[in-house]
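A look at the structure
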Amino acid sequence: MNIKKHIPNLITLINLFCGCIAVVYISEAIRTDDSHYYLLAFYMVCLGIFFDFFDGFFARLFKVSSPLGLQLDSLADMVTSGVAPGYVMYSLFANSGHELGTSAFIPFLGFIITLGSCYRLANFNIDTRQTDSFIGLPTPANSLFILSLPLVIRFSDSLFMLEILTNQWVLLVITLCSAYILNAEIPLFSLKIKKFNFKDNALQMSFLLISFVLLLLLQYIAIPVIIVFYVLLSVVNNIFLKK
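**Focus: helix α7 (residues 168-183)**
With 16 residues, α7 ought to run about 22 Å at 1.5 Å a step, and its terminal C-alpha atoms sit 23 Å apart, in line with that. Those residues of α7 not exposed but buried are Gln168, Leu171, Leu172, Ile174, Thr175, Ser178, Ala179, Ile181 and Leu182. Structurally, α7 contributes buried residues whose contacts are with α3 (67-94), α4 (112-126), β1 (133-135), α5 (139-155) and α9 (222-242).

What follows is the structure, given as structure tokens:
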């Protein structure tokens, strides 16, 4: 029995398990109105994304990549980086003002993120262009962005940020932009470092260094800033590559 071929799939299932726990914590945050559960959900999503990276790493290391692993990876991501962020946005809508009206249906608009994530994950499996870079924002990055929003509300002392992130119009714009950027035909650079020298990885290393500094200075508030910076930096890089 070749145990090695099962290791990547086991790691993928751990990613799925982390996503399931995150969904439970989000549910508890809604039920108890305790924002501490959002923090726990964020940690579980981060852990799931960590395992999501290493399932592919070990599949390549052991040379056991398979169609089953590819499909399993997307199914696990669907929970960790699809259902979880959609559920968080649902909760943000539910706890926000009533700028869009008082309909009980409005919070369900948050699951547009889940639909966008599902479409991207399915498309990623058949898109041969995304081996060394990405087309559209990867679902893990989008998930971190969305799950950081309740943490910004909790840890920020800015009344402006509180008002912005509890406004239903703003949440709707974030939701629609999230679903769009996941599937947009915008090339985004990969963070994979294949050669350990600065010349070949100047963009990636610079981005990681700036991100580290932002995390030290802003902590959780830095997360959405870093994701937006990643997209903008990719757009600028694309412009220079065309020249």
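**Brief notes about the packing of α3 against α4**
Close contact between α3 and α4 brings their axes to 8 Å; oriented N to C, the two are set at 160 degrees. Between α3 and α4, the crossing angle belongs to the class labelled roughly antiparallel. Considering how the two elements wind past one another, α3 and α4 form a crossing that is right-handed. For the pair formed by α3 and α4, the contact residues are Leu70, Gln71, Ser74, Asp77, Met78, Ser81, Gly82, Val83, Pro85, Gly86 and Met89 on the first element and Ile113, Thr114, Ser117, Cys118, Leu121 and Asn125 on the second. Looking at the contact of α3 with α4 residue by residue, the class counts come to 8 nonpolar, 8 polar and 1 charged.

**Observations regarding the packing of aromatic side chains**
Tallied over the entire structure, the rule returns 14 aromatic pairs. Note on Phe42 and Tyr43: the rings are 6.3 Å apart at their centroids and 55 degrees apart in plane angle, and the pair reads as tilted. Owing to a relative accessible area of 6%, Phe42 belongs among the buried residues under this scheme. Chaining the aromatic ring pairs together yields one cluster made of Tyr87, Tyr90, Phe105, Phe108 and Phe111.

**Regarding the state of the cysteines**
Evaluated as defined, the whole model comprises 0 disulfides. Cysteine Cys20 shares no disulfide, and the gap to the nearest cysteine sulfur, in Cys18, comes to 9.2 Å. According to the relative accessible area criterion, Cys20 is partly exposed, its value standing at 37%.

**Digging into a nonpolar patch on the surface**
Together, Leu209, Phe212, Val213, Leu216, Leu217, Leu218 and Val225 give the surface a local cluster of nonpolar side chains, amounting to about 670 Å² of exposed area. Element by element, the count of residues in the nonpolar patch is highest for helix α8 (residues 202-218), at 6 residues. Along the chain, Leu217 turns up in helix α8. Judged by relative accessible area, which is 63%, Leu217 ranks as exposed.

**Comments concerning the pattern of salt bridges**
The tally for this structure, following the rule as stated, stands at 1 salt bridge. Note that Arg31 and Glu28 form a salt bridge whose closest N and O atoms lie 2.7 Å from each other. With a gap of 3 residues between them, Arg31 and Glu28 both fall in helix α1 (residues 7-32), about one helical turn apart.

Cut-offs and rules
Residues numbered from 1 in each chain as written. Predicted model: local features only at pLDDT ≥ 70, side-chain atom pairs only at ≥ 80, totals over all residues. Heavy atoms only, no water. Helix = DSSP H or I, 4+ residues; strand = E, 2+ residues; numbered from the N terminus. Expected span 1.5 Å × (residues − 1). Buried < 20%, exposed > 50% of the residue type's maximum accessible area, 1.4 Å probe, protein only. Contact = heavy atoms within 4.5 Å. Axes fitted to C-alpha atoms, helices over the stretch in contact; angles between N-to-C directions. Parallel < 35°, antiparallel > 145°, perpendicular 65-115°, else oblique. Left-handed = near helix turned anticlockwise from the far one by under 90°. Nonpolar A, V, L, I, M, F, W, Y, C, P; charged D, E, K, R; others polar. Phe/Tyr/Trp six-rings, centres within 6.5 Å; stacked < 30°, edge-to-face > 60°. Disulfide = S-S within 2.5 Å. Patch = residues over 30% accessible without salt bridge, like charges linked within 9 Å, V, L, I, M, F, W, Y side chains within 5 Å. Areas by Shrake-Rupley, 256 points an atom, 1.4 Å probe, with all protein chains shown as cover. Salt bridge = Lys/Arg side-chain N within 4 Å of Asp/Glu carboxyl O.

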